[in-house]
Amino acid sequence: MEKLMVEGGHPLTGEVQIGGAKNSAVALIPAALLADSPVRIDNLPNISDVEVLSDLLTHIGGHVTQKGDEITIDPRGIKPMPLPNGRVKQMRASYYMMGAMLGKFKKAAIGLPGGCNLGPRPIDQHIKGFEALGAVVTNEQGSIYLRAKELVGARIYLDVVSVGATINIMLAAVKAKGKTIIENAAKEPEIIDVATLLSSMGADIKGAGTDVIRIEGKEQLKGCGHSIIPDRIEAGTYIIAAACMGTDVKIKNVIPDHLESLIAKLDEMGVNVQSDDDVIIVEKSKQITGADIKTLVHPGFPTDLQQPVTSLLVKAKGTSIITDTIYNARFKHIDELRRMGADIKVEGRSAMINGGKRLEGARVKASDLRAGAALVIAGLMANGVTEITGVHHIDRGYESLEEKLKGLGAKLWREPLSHEEQEQLKSS
Ligand code: EPU
């Protein structure tokens, strides 16, 4: 086990290349098993969540080969075996194996998915969708079993706008008999990306990216090629880091439209952000002022940038309030930022930030992926060295974080954890 050391105070400048979207990749890999021949996916992010899913597919008989940022999945040998609990528990997105296996084999058995600890994260809407399509879903000794004689298209209204449920229902419905209509669907760009892959495989999907998705099921889906959209959350994280410490930072391979809510908010705060085609440029800002931010479903401000942007609000002059309407317990980074000198109070779903504070390097712990990003950004601004444990969370979703930040002029490196630190991490 390692910790990440960040020496603060080094200005950022230059260019950084954004990888493929994690939250697309983790759905596209399971989606590939629905095809009858190989699926090639490029612009694949080099992150541990992708490794876990590739291992899962291999475990059930898939033939997976990876060369650089391209993965080819030959699903012809895949069998409807129960999925190994250990791997499934490592990440929440393993739930996409349910929809994909149900679609392909009309049955699936999978342990309860793990992932970032952001408070309660139910999957009732996924199950409601599977049941509407004709599956019987049971929970047997901590594993979920899905069984259907046949899947038949249905009208499904989601009680909660859910990215995962929308995609999972799409994965099963593309192989159901007849028409499925998903109402109150999520509209995130990753949903359009998954629909694009499924359509290239021969599926008939209309309306992805709106709140009503119509799917006409098909008996067979074929292999194809697909390129993953850029990761808007990785891009947003570098934009925020650049707003904190940068002069003329170019963030390349982005779709600026996907980042409109962040760019508008930064503009309001006095951050100088320009976008051009597939590049976003953050120039040096004179004075950054605080703002009130509320996370919402897309196209609102993304919850996945709530934690990183909090570090910028700590620097910004004045008082800010950030409210997370998606996850009410996504505030584990706050105690750690306080250790570094931030003045923040949490009340219910909101954090009140008294900005303009100078941070000091400290020993802190990343409790989840985006908390890790928030602490790295805080470390870049702080006096002295910040030591971040829980680095495995960061590796789940940020490819080559150190190399990319070093390329911009930051100073950071990894060190092994001492025995004592390992014990502390296990017991916390
Ligand atoms: N919800 C339910 N019932 C359900 C499903 C969701 O009540 O059956 C609730 C959740 O508890 C949450 C809200 O609905 O309060 C939204 O959850 P959603 O299902 O949209 O989240 P998810 O699909 O589990 C994905 C991303 C998350 C991201 C959210 C919101 C993946 C693999 N994960 O999660 O990404 O925060 O959408 O945009 O796509 C991250 O990248 O750090 C991350 C956590």
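Just so it is clear, the model here is predicted, and its values are computed rather than measured.

Conventions adopted
- Residues numbered from 1 in each chain as written.
- Predicted model: local features only at pLDDT ≥ 70, side-chain atom pairs only at ≥ 80, totals over all residues.
- Heavy atoms only, no water.
- 1 Å grid on protein atoms, 1.4 Å probe; cavity = no way out; pocket = protein on both sides within 12 Å on 5 of 7 lines; lining within 4 Å.
- Points joined across faces, edges and corners; volume = space filled by probe spheres on them.
- Helix = DSSP H or I, 4+ residues; strand = E, 2+ residues; numbered from the N terminus.
- Nonpolar A, V, L, I, M, F, W, Y, C, P; charged D, E, K, R; others polar.
- Near = heavy atom within 4 Å.
- Polar contact = N/O pair within 3.5 Å; in protein donor to acceptor, adjacent residues only side chain to side chain.
- Expected span 1.5 Å × (residues − 1).
- Buried < 20%, exposed > 50% of the residue type's maximum accessible area, 1.4 Å probe, protein only.
- Domains from an automatic or database assignment.
- Contact = heavy atoms within 4.5 Å.
- Buried area = accessible area lost by both parts, 1.4 Å probe.
- Core = buried A, V, L, I, M, F, W, Y, C linked by side-chain atoms within 4.5 Å.
- Salt bridge = Lys/Arg side-chain N within 4 Å of Asp/Glu carboxyl O.
- Phe/Tyr/Trp six-rings, centres within 6.5 Å; stacked < 30°, edge-to-face > 60°.

1. Topic: empty space enclosed by the protein
Argument step 1. Within this structure, the stated rule accounts for two cavities of 30 Å³ or more.
Argument step 2. Looking at the largest cavity, its volume works out to about 60 Å³.
Argument step 3. Thr237, Tyr238, Ala241, Ala373, Val376, Ile377, Leu380, Leu401 and Leu405 together form the lining of the largest cavity.
Argument step 4. Mapped onto the lining of the largest cavity, the elements with two or more residues apiece are α8 (232-245), α12 (369-381) and α14 (401-407).
Argument step 5. Element by element, the count of residues in the lining of the largest cavity is highest for α12, at four residues.
Argument step 6. The residue makeup of the lining of the largest cavity, split by class, is eight nonpolar, one polar and no charged.
Argument step 7. Reported here for the second largest cavity is a volume of approximately 30 Å³.
Argument step 8. Grouping the amino acids of the lining of the second largest cavity by side-chain chemistry returns three nonpolar, four polar and one charged.

2. Brief notes about the site of the ligand
Argument step 1. In the vicinity of the ligand, 26 residues are found, and the nearest of them are Gln125, Ser162, Asp304, Ile326 and Arg370.
Argument step 2. Take Val163: an N or O atom from its main chain is 2.8 Å from an oxygen atom of the ligand.
Argument step 3. Within the contact set of the ligand, an oxygen atom lies 3.2 Å away from a side-chain nitrogen or oxygen of Arg330.
Argument step 4. Of all the secondary-structure elements, those providing two or more residues to the shell around the ligand are α1 (22-32), α5 (124-132), α6 (163-173) and α12.
Argument step 5. Its residues assigned to classes, the shell around the ligand comprises 13 nonpolar, six polar and seven charged.

3. Considerations on α8
Argument step 1. Here α8 contains 14 residues, and its C-alpha end-to-end distance of 20 Å stays within 8% of the 20 Å for a straight helix at 1.5 Å per residue.
Argument step 2. Of all 14 residues making up α8, 14 are buried, and the element is well covered by its neighbours.

4. Here we look at the domain arrangement of the protein
Argument step 1. Under the domain assignment used here, the protein contains domain 1 (2-19 + 230-427) and domain 2 (22-227).
Argument step 2. Domain 1 and domain 2 are separated by 30 Å when their C-alpha centres are compared.
Argument step 3. Between domain 1 and domain 2, the residue contacts involve 21 residues of the former and 21 residues of the latter.
Argument step 4. When residues of domain 1 are sorted by the area they lose upon contact with domain 2, His298, Tyr327 and Arg396 head the list and together hold 34% of the total.

5. Section: the nonpolar core
Side chains of a nonpolar character, in soluble globular proteins, are inclined to be buried together.
Argument step 1. Counting residues in each nonpolar core, the largest one holds 75 residues, and the members touching the most others are Met97, Met170, Leu171 and Leu198.
Argument step 2. Ignoring anything within four residues of it in the chain, the contact list for Leu171 reads Ala31, Leu34, Tyr96, Gly99, Ala100, Gly103, Val194 and Leu198.
Argument step 3. Listed in part, the 68 residues of the second largest apolar core include Val249, Val271, Ile322 and Ile394.

6. Some details on the pattern of salt bridges
Argument step 1. With the rule as written, the count across this model stands at 22 salt bridges.
Argument step 2. A salt bridge links Asp42 to Arg40, with the nearest nitrogen and oxygen atoms 3.7 Å apart.
Argument step 3. The closest approach of N and O atoms between Lys404 and Glu234, which form a salt bridge, is 2.7 Å. Taken together, the residues Lys404 in helix α14 and Glu234 in helix α8 connect sequence positions 170 residues apart. Of the two residues examined, Lys404 and Glu234, each falls in the buried class.

7. Brief notes about the environment of Leu313
Argument step 1. Mapped onto the elements of the fold, Leu313 is located in helix α10 (residues 306-315).
Argument step 2. When the C-alpha atoms of Leu313 and Ala342 are compared, they prove to be 9.7 Å apart, with 29 residues separating the residues in sequence.

8. A closer look at the packing of aromatic side chains
Argument step 1. Enumeration over the complete set of coordinates arrives at one aromatic pair.
Argument step 2. On the basis of an interplanar angle of 85 degrees and a centroid distance of 4.8 Å, the ring pair of Tyr95 and Tyr96 is categorised as edge-to-face.
Argument step 3. For Tyr96, a relative accessible area of 3% corresponds to the buried category.

9. Some thoughts on unusual backbone geometry
Argument step 1. Residue Pro299 follows His298 across a cis peptide bond; omega there is 10 degrees.
Argument step 2. With respect to the helices and strands, the residue Pro299 is situated in the loop between β17 (293-295) and α10.
Argument step 3. With phi around 50 degrees, Asp248 is a residue other than glycine that occupies positive phi space.
Argument step 4. With respect to the helices and strands, the residue Asp248 is situated in strand β14 (residues 246-252).

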